[in-house]
Amino acid sequence: MGRARLAELHGVATSYDPAPGRTVQVPEDTVVAVLAALGVDASTPRSVREALDRHDARRRDLLLPPCVVLRPGKAPRLSLPEGTALRVRPEGGAPHPWGRAADGSLPADGPLTALTALPPGAHTLLAEAPDGRRATAPLIVAPDRMPLSPVRSHGFLVQLYSLLSARSWGMGDLGDLADLAAWSGRALGAGFVQINPLHAAVPGTPAAPTDPSPYRPSSRRFPDPVHLRIEDVPEYAHLRGRARERADQLLEAAAALRDSVLREGALIDRDAVWALKREALELVRTVPLSPGRRAAYCDFLAERGQALEDHALWCALAETHGPEWRAWPDGLADPRSAGTARARAEHLDRTDFHCWLAWLTDTQLAAAQRAAREAGMGIGLVHDLAVGVHPSGADAWALQDVFASGMSIGAPPDAFNSRGQDWGLPPWRPDALAATGYAPYRDLLRGLLRHAGALRIDHVMGLFRLWWVPEGREPTEGCYVRYDAEAMLGALALEAHRAGAVVIGEDLGTVEPGVREELERRGVLGTSVMWFERNYDGAGAARPLAPEEWRADCLATVTTHDLPSTAARLTGDHVELRHRLGLLSRPLAEERAADAVEVAEWLGLLGRLGLLPEGPGDEEAAVKAVHRFLLRTPAKMVGVWLPDAVGDRRPQNLPGTWDQYPNWRLPIADAEGRPMSLEELVASPRLRALMDEVALLAPRPSGEPAS
């Protein structure tokens, strides 16, 4: 009983409900391990009693909580001794007194209520009790809701690496992104382009290539320079002599690499691309920056501060010692050790190189967003925030105090996966985040929103709770750990407000009751994928939702990067692929039959709605029809998976596979599997015919019904 109470006090769940009416108890040793990761010893009855006593004593002595988060018009719930004086140090300003709390002489809207009149920002609250105790706490004043786009819009969803042009060096880059945004905004009236996470990856080694998944990054705080368009770096044009000759040779090698992907069927090789780009960038770095460029670089260094210095140092040390920082010598595993301080001095040049790369990437991201907005896009780039970071990466090294050691996040067993999931990503420690005023989380958001019109948050349910799996245990032996959703959403709202950015939450899969409703109240758009939109509340089989039954506050799509393409879904090709790879959980004939029934249900609905005038049996017409359906919904944003526009049948990622399928390494291809360049995509009659239909979604006030 004592351990259960201790777990509850620290947000650790001792049971979970995998299905309505079914409760599963969490193993005791899991609870002990998770509490230990939170700095609480619960291994014996005595340690549990002592931990409870310490918690009660701290609560009695606590004048202010670790962090205070409030919204306009909603006073914080603080238990203050009578006569406590409060002051606020506004963000960037001097302390301001707010009087005495709970002394009976103040009007009803006393100092606690007055706090809600503060402008949005990350302030500091100071308290002094009559007995002389003093306390300070971060005070986050957040807008009530996220910003929303005033008009309904459509746009492409694309994995940037898959978007190769005639100028790419073997994979899509930021120049290609700017071109796609400029063309689709001007020619198609698109309002946004959503891309995969561009986070910095853990670098590969001769024995272990770079993990191509954009969802297991080294750092979410900085983008990967592999996305740079080398020729767009201004200093590239000033290479001379042997440096110019070598740069031209690298350009020829890059062209050969690009052609191997677009013309010869080769897979995208991220490490080969980076080897060419890194050598070219080493040459470009020999060209001095102009005075204006130097000043801009210095501003970037000052603005990104310690976070950038830590990231760049990790990159420099990884060049010497490999990316697994736990195996580094001389105390380097600790970013604040004396040995690391010496390493900073010894690696100044390489650290500066990686700072410079981060700056170049930032400038090209800014140029891509600028191109999107100049093309008339109301939103522009939609960046993607992965749910976590690689345990061997730069963020896990630099931010060890706020990540839970020995833990990984994942998902509990459910109807679709009886073994649960372990994603191999360390979770935030909720207590450590609160103690810092959510500074690492806010800094992360601020960096991602620098050049974004919107931010997609992968597994947005993680703002409320995450499934923690102790190291060495099966995912079935994990448990939920709760986060302060009011604080997590408040910090998100603050940074989105500052950036003027829309927020989209990926809320597919198992969602705790009340979470979608709270996200909607706070202005976070959901993600609605057509194949999943069914009425599960009635008796019998769940029927497809009619368009008017869809929620308005969402990004509506037909598919995603983790699902079959629309052509593959309509034809059943995705079932055959999973059968060939041994991924089916039932006989092929049963899977085919079930899939055919599902597709027939949707095609039947499309026919009854008059959205398939071409009749059955026409794949391209059916792809148009499902997008006509999306336009009938009230969704504020409608996304078109770019490969769908040209009939690509291959998924970009096939969950449940590793080396059996080339996840994250395929270029966009046509219906026959022939890779297509950006230039070929924009000239595709099939793409233009589909987008002519989607372009009927002219910008109008969001929420206004479609015609």
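Residues numbered from 1 in each chain as written. Predicted model: local features only at pLDDT ≥ 70, side-chain atom pairs only at ≥ 80, totals over all residues. Heavy atoms only, no water.

Colleague: Any chance you could explain the overall build of the chain here in plain terms?
Modeller: Looking only at helices and strands, the chain features 21 helices and 23 strands. A compact globule built from 707 residues should have a C-alpha radius of gyration of about 27 Å, and the chain, at 27 Å, falls within 12% of that. When burial is assessed residue by residue, the chain has 57% of its 707 residues classed as buried. Sequence separation of 24 or more characterises 71% of the internal contacts of the chain that already satisfy a separation of 6 or more. Accessible area for the chain stands at about 29,500 Å²; split by element, carbon and sulfur atoms hold 53% of it. (Helix = DSSP H or I, 4+ residues; strand = E, 2+ residues; numbered from the N terminus. Rg over C-alpha atoms; globule rule 2.2 N^0.38 Å. Buried < 20%, exposed > 50% of the residue type's maximum accessible area, 1.4 Å probe, protein only. Contact = heavy atoms within 4.5 Å. Areas by Shrake-Rupley, 256 points an atom, 1.4 Å probe, with all protein chains shown as cover.)

Colleague: Just checking my understanding: could you explain the environment of aspartate 349 for this structure?
Modeller: Note that aspartate 349 resides in helix 10 (residues 348–374). On the basis of relative accessible area, aspartate 349 is assigned to the partly exposed category, the value being 46%. Along the primary structure aspartate 349 and alanine 243 are separated by 106 residues, whereas in three dimensions their C-alpha atoms are 20 Å apart.

Colleague: Just checking my understanding: could you explain the pattern of salt bridges for this structure?
Modeller: Between side chains of opposite charge, a pair can form as their charged atoms come close. By the definition in use, this model includes 56 salt bridges. Of the charged contacts in the structure, one is a salt bridge between arginine 592 and glutamate 576, with a shortest N-O distance of 2.7 Å. Note that arginine 592 is positioned in helix 18 (residues 588–608) and glutamate 576 in helix 17 (residues 573–580), a separation of 16 residues in sequence. With relative accessibility at 24%, the residue glutamate 576 sits in the partly exposed group. What you see here is one network of salt bridges that share partners, running through Glu91, Asp443, Arg446, Glu495 and Arg498. (Salt bridge = Lys/Arg side-chain N within 4 Å of Asp/Glu carboxyl O.)

Colleague: I'm lost on the sheet that holds strand 22 (residues 554–557) in this one. Help?
Modeller: One key point about sheets: their strands pair by backbone hydrogen bonds, in either a parallel or an antiparallel sense. Read across the sheet, 8 strands follow the order 18-15-12-9-8-23-22-19 without closing on themselves; strand pairing throughout is parallel. The outermost strands of the open sheet, each flanked by one partner alone, are strand 18 (502–505) and strand 19 (526–529). Between one strand axis and the next, the sheet turns by 25° as a mean value, whatever way the strands run. Lying on the sheet, helix 5 (residues 174–188) is in contact with strand 8 (153–158), strand 9 (192–195) and strand 12 (380–385); it crosses strand 8 at an angle near 150°. (Pairing = 2+ DSSP bridges. Axes fitted to C-alpha atoms, helices over the stretch in contact; angles between N-to-C directions.)

Colleague: Where do I start with the packing of aromatic side chains in this structure?
Modeller: Geometry of an aromatic ring pair is reported as the spacing of the ring centres plus the angle between the planes. As enumerated under the stated definition, the model contains 12 aromatic pairs in all. Residues tryptophan 531 and tryptophan 602 carry aromatic rings whose centres are separated by 6.3 Å and whose planes lie at 75° to one another, so their mutual orientation is edge-to-face. Remark: tryptophan 602 occurs in helix 18 and tryptophan 531 occurs in the loop between strand 19 and strand 20 (534–535); sequence separation between them is 71 residues. For tryptophan 602, a relative accessible area of 1% gives the class buried. Members of the aromatic cluster, joined through ring pairs, are Trp531, Trp550, Trp602 and Phe629. Its guanidinium or amino end placed over the ring of tyrosine 236, arginine 244 lies 4.8 Å from that ring's centre, counting from NZ or CZ. (Phe/Tyr/Trp six-rings, centres within 6.5 Å; stacked < 30°, edge-to-face > 60°. Lys NZ or Arg CZ within 6 Å of the ring centre and 35° of its normal.)

Colleague: Quick question: what am I supposed to make of the packing of helix 6 (residues 241–262) against helix 7 (residues 270–284) here?
Modeller: How two helices pack is summed up by the angle between their axes together with the distance between the axes. Put simply, helix 6 and helix 7 touch, their axes get as near as 10 Å, and they point 165° apart. The angle between helix 6 and helix 7 places the two elements in the roughly antiparallel class. Remark: the crossing between helix 6 and helix 7 carries left-handed chirality. Across the interface between the two elements, Ala243, Arg246, Ala247, Leu250, Ala253, Ala254 and Leu257 from helix 6 touch Ala272, Val273, Leu276, Glu279, Ala280 and Leu283 from helix 7. Residues belonging to the contact of helix 6 with helix 7 are distributed by class as follows: 11 nonpolar, no polar and 2 charged. (Parallel < 35°, antiparallel > 145°, perpendicular 65-115°, else oblique. Left-handed = near helix turned anticlockwise from the far one by under 90°. Nonpolar A, V, L, I, M, F, W, Y, C, P; charged D, E, K, R; others polar.)

Colleague: Sorry, what's going on with the nonpolar core here?
Modeller: Note that soluble globular proteins tend to have their nonpolar side chains buried in a common cluster. Ranked by internal contacts, the top residues of the largest apolar core, which has 72 residues, are Tyr438, Tyr441, Trp468 and Leu492. When residues in this core are grouped by element, the largest group, 9 residues, is from helix 14 (residues 485–499). Other than its neighbours up to four places away in sequence, tyrosine 438 contacts Cys67, Ile140, Pro430, Leu433, Asp484, Ala487 and Met488. Counting 57 residues, the second-largest nonpolar core is a separate cluster that includes Leu188, Val599, Val640 and Met691. (Core = buried A, V, L, I, M, F, W, Y, C linked by side-chain atoms within 4.5 Å.)

Colleague: Help me out: how do you make sense of the pairing of strand 11 (residues 219–223) in this one?
Modeller: In terms of residue burial, strand 11 counts as a mostly covered element, since 5 of its 5 residues are buried. As defined by bridge partners, strand 10 (residues 199–200) adjoins strand 11 across 2 bridges and the pair is classed as antiparallel. What sits directly across from alanine 200, in strand 11, is serine 219.

Colleague: Looking at this structure, how should I read helix 3 (residues 45–61)?
Modeller: Note on helix geometry: an α-helix contains 3.6 residues per turn, so any two residues three or four positions apart are oriented the same way. For helix 3, spanning 17 residues, the distance from its first C-alpha to its last is 25 Å, which sits close to the expected 24 Å at 1.5 Å a residue. For helix 3, the full list of buried residues reads Ser47, Val48, Ala51, Leu52, His55 and Asp56. Where helix 3 is buried, its residues touch helix 1 (2–9). (Expected span 1.5 Å × (residues − 1).)

Colleague: Is there a simple way to explain the state of the cysteines in this structure?
Modeller: Cysteine pairs can be linked by a disulfide, which is a covalent bond between their two sulfur atoms. With the rule as written, the count across this model stands at 0 disulfides. The thiol of cysteine 315 is not disulfide-bonded; the next cysteine sulfur, from cysteine 355, is found 9.0 Å away. Taking relative accessible area as the criterion, cysteine 315 reaches 15% and is therefore assigned buried. (Disulfide = S-S within 2.5 Å.)

Colleague: Can you walk me through the sheet that holds strand 16 (residues 465–470) in this structure?
Modeller: Here we have 4 strands laid out as an open sheet, ordered 14-13-16-17, and antiparallel in their pairing. Looking along the sheet, the strands with just one partner apiece sit at the ends: strand 14 (421–425) and strand 17 (479–482). Averaged over all neighbouring strand pairs, the angle between strand axes comes to 50°, with direction disregarded. Both strand 13 (residues 407–411) and strand 16 contribute to a ladder of 4 bridges, which runs antiparallel. Pairing of glycine 410 across the sheet is with tryptophan 467, part of strand 16. Against the sheet, helix 2 (residues 28–37) makes contact with strand 13, strand 16 and strand 17, and its axis sits at roughly 105° relative to strand 16, the strand it touches most.

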